[in-house]
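Overview (structure and organization)
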Amino acid sequence: MISERFRVVLLIVMALYFLGLIYSLSRKYILMKHTLVWIFSGLLMTLLIIFPGILSRMADAFGVYSDTNLLFGIAIGFMLLIIIYLTHVVTKLTESNRHMIQEIALLNKRLDETVRNDPKTVPEPTDQP
């Protein structure tokens, strides 16, 4: 069973966790769609801290020696899921960047060919990117 003192410490940590998430959302450091995974995992961990009976029954069912070990095991499991999710997001962004780079290269090639064929068609420079 998790001691009362440790439960209080964990609840304070979870409160700071949620405050950090809210702060990051309000400053737009992270998007809401990426935050949902963090919110879900935080809520589950908070429920397990508030209701340690659930954690005790799960520890007995899985044959884990201590509730605390199971709590940390669940936390590590959620971290692995979050890492897999973020890897998926990074992979999609990498593919999107590669596609845009290829498109820009093709447009630059087409512009160079147009300028070579008819030098009078050089576009006026703009201040906008």
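Residues numbered from 1 in each chain as written. Predicted model: local features only at pLDDT ≥ 70, side-chain atom pairs only at ≥ 80, totals over all residues. Heavy atoms only, no water.

1. Let's talk about a nonpolar patch on the surface
The test is simple: Patch construction takes residues with relative accessible area above 30% that form no salt bridge. Like charges are linked within 9 Å, and nonpolar side chains (Val, Leu, Ile, Met, Phe, Trp, Tyr) are linked within 5 Å. Shrake-Rupley sampling with a 1.4 Å probe provides the accessible areas, and residues are treated as covered by the protein chains on show and by no other component. In what follows, salt bridge is the name for a side-chain nitrogen of Lys or Arg lying within 4 Å of a carboxyl oxygen of Asp or Glu. Each helix corresponds to a stretch of at least 4 residues labelled H or I by DSSP, and each strand to a stretch of at least 2 residues labelled E; elements are numbered beginning at the N terminus. Each residue gets one of three labels from its accessible area relative to the maximum for its type: buried under 20%, exposed over 50%, partly exposed in between, using a 1.4 Å probe on protein chains only.
Nonpolar side chains collect at one region of the surface, where Val8, Ile12, Leu16, Leu19 and Ile22 lie side by side and expose about 500 Å² of accessible area between them. In this structure, Ile22 sits in helix 1 (residues 4-26). With a relative accessible area of 54%, Ile22 lands in the exposed category.

2. Regarding the layout of surface pockets
Cut-off, in case you're wondering: Using a grid of 1 Å spacing that covers the protein atoms alone, one calls a set of points a cavity when a 1.4 Å probe fits there but cannot get out, and a pocket when the set is open and has protein on both sides within 12 Å along at least five of seven lines; lining residues are those with an atom within 4 Å of a point. Grid points are joined across faces, edges and corners, and a volume is the space filled by probe spheres set on the points. Asp, Glu, Lys and Arg are counted as charged, while Ala, Val, Leu, Ile, Met, Phe, Trp, Tyr, Cys and Pro are counted as nonpolar; the rest, among them Gly, fall into the polar class.
Counted as a void, the largest pocket has a volume near 340 Å³. If you trace the largest pocket, you find 15 residues lining it, with Met14, Tyr17, Met45, Ala75 and Met79 closest to the centre. Taken together, the residues of the lining of the largest pocket sort by class into 13 nonpolar, 2 polar and no charged.

3. Focus: the packing of helix 2 (residues 32-50) against helix 4 (residues 67-117)
Basically, it comes down to this: Axis angles are defined between N-to-C directions and span 0 to 180 degrees, where every axis is a line fitted to C-alpha atoms and, for a helix, only to the segment in contact. Roughly parallel means an angle under 35 degrees; roughly antiparallel means over 145; roughly perpendicular covers 65 to 115; every other angle is labelled oblique. Only heavy atoms enter the contact rule, under which two residues are in contact if any of them lie within 4.5 Å.
Contact geometry for helix 2 and helix 4: axes closest at 11 Å, N-to-C directions at 175°. The angle between helix 2 and helix 4 falls in the class roughly antiparallel. Here Lys33, His34, Val37, Trp38, Phe40, Ser41, Leu44, Met45, Leu48 and Ile49 of helix 2 come into contact with helix 4, specifically with Leu71, Ile74, Ala75, Phe78, Ile82, Tyr85 and Val89. Across the contact of helix 2 with helix 4, the residue classes break down as 14 nonpolar, 2 polar and 1 charged.

4. Comments concerning the side chain of Ser24
You can see Ser24 is positioned in helix 1. Filtering out sequence-adjacent residues up to four positions away, Ser24 remains in contact with Tyr29 and Ile30.

5. Describing helix 3 (residues 52-62)
Threshold: The arc in question is the one spanned by the directions pointing from the helix axis to the C-beta atoms.
Of the residues making up helix 3, those classed as buried are Pro52, Leu55, Ser56 and Ala59. End-on, the buried residues of helix 3 take up no more than an arc of 100°, which puts them together on one face. Among the exposed residues of helix 3, those oriented more than 90 degrees off its buried face are Arg57 and Ala61. Next to the buried residues of helix 3 lie helix 1, helix 2 and helix 4. Looking one or two residues beyond helix 3, the residue adopting positive phi is Gly63, at roughly 75°.

None of this, on its own, says anything about what the molecule does.
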